[in-house]
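Examination of the molecular architecture
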Amino acid sequence: MSVDTDAANKVLAGLRPFPVAVTTVDGGFGNGLMSLSAGSASIIPEAPRATISLTKFNKTHDMVSNSGIFVMHMLSAEDDQLAKSLEILMTLGGSSGRDGDKLSKLRTKTGVTGAPILLDAHSYVEARIAGTLDVQESSIFVGDVVAAEILNPGQRLKINEAWGKLPEEWIAQYDANHEPQLANARVRRFGQKV
Ligand SMILES: Cc1cc2nc3c(=O)[nH]c(=O)nc-3n(C[C@H](O)[C@H](O)[C@H](O)COP(=O)(O)O)c2cc1C
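Residues numbered from 1 in each chain as written. Predicted model: local features only at pLDDT ≥ 70, side-chain atom pairs only at ≥ 80, totals over all residues. Heavy atoms only, no water.

We note that Q136 has phi near 60 degrees; this positive angle belongs to a residue other than glycine. Among the structural elements, Q136 can be located in the loop between β8 (123-135) and β9 (138-150). Among the residues examined, Q136 registers a relative accessible area of 42% and is labelled partly exposed. (Helix = DSSP H or I, 4+ residues; strand = E, 2+ residues; numbered from the N terminus. Buried < 20%, exposed > 50% of the residue type's maximum accessible area, 1.4 Å probe, protein only.)

Let us look at the side chain of S139. Within the element layout of this structure, S139 appears in strand β9. Side chain to side chain, S139 and H61 meet in a polar contact 2.7 Å long. Ignoring sequence-local partners within four residues, the contact set of S139 consists of I52, S53, L54, K56, H61, T132, L133 and D134. (Polar contact = N/O pair within 3.5 Å; in protein donor to acceptor, adjacent residues only side chain to side chain. Contact = heavy atoms within 4.5 Å.)

The full set close to the ligand counts 24 residues, and T55, T60, S95, S96 and G97 are the nearest of them. For the ligand, a nitrogen atom lies 3.1 Å from a polar atom in the backbone of S53. Contact distances for the ligand include 2.9 Å between an oxygen atom and a side-chain N or O atom of N58. Relative to its free-state accessible area of 660 Å², the ligand is covered by the protein chains to the extent of 93%. For the shell around the ligand, the leading source of residues is strand β2 (residues 29-35), giving 5 residues. (Near = heavy atom within 4 Å. Areas by Shrake-Rupley, 256 points an atom, 1.4 Å probe, with all protein chains shown as cover.)

On to helix α5 (residues 168-190). With 23 residues, α5 ought to run about 33 Å at 1.5 Å a step, and its terminal C-alpha atoms sit 33 Å apart, in line with that. In this structure, the buried side of α5 is in contact with β4 (49-55), α3 (82-93) and α4 (159-163). One or two steps after α5, the chain reaches G191, where phi turns positive at roughly 95 degrees. (Expected span 1.5 Å × (residues − 1).)

Attention now moves to the pairing of β8. Looking at chain direction, strand β5 (residues 69-74) and β8 are connected through 6 bridges and run antiparallel. Within β8, the residue paired with M74 across the bridge is S123. Pairing of β8 with β9, which is carried by 12 bridges, proceeds in the antiparallel orientation. Paired with Y124 across the bridge in β9 is E149. (Pairing = 2+ DSSP bridges.)

Here is the structure:
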């Protein structure tokens, strides 16, 4: 049976409007990426959980998998914080930690797990992994929240607001970065191309 993938992609588009900055530390090296996969993963208010889905191609994936910890940050949409939010998004989402230290460009403090917290984020939850689902090209991590803080109160940034404000050069860099990621995902899902 063939799937109407256009319909499927319309159904699935935009389900998670808030971009999050995910950070972690592994072997003393801090790193992070941007993600649109964040969610809440617990119905128990006194025991919150967070979930993220990371692509195996990304360095942060292996670091979260090894260390068992991640921090999920929301970004601010407030006028006086917007430039900082876009700086975080462009720094973490436009290149890989394989090519250099991204976090040294951002203001951080150390969280209770030892992972870096982004001081210019809107807020964060820090989590220890409770379970991981391996789905070929990516892993879905679910973590117990062990710390949380609102750093810069106000509205949280949505991805549609952010895209319109990002420089064209950065979007071109993001697209170039995305190509090998997509190719790698297809190989992991379907096997080697013939
Ligand atoms: C808005 C946005 C959403 C993204 N969502 C995800 C995601 O859900 N999962 C993922 O693995 N990468 C996602 N990425 C891509 C990574 O942020 C990007 O490939 C990053 O450069 C990986 O860095 P790393 O190799 O240092 O981990 C997203 C990027 C952007 C800009």
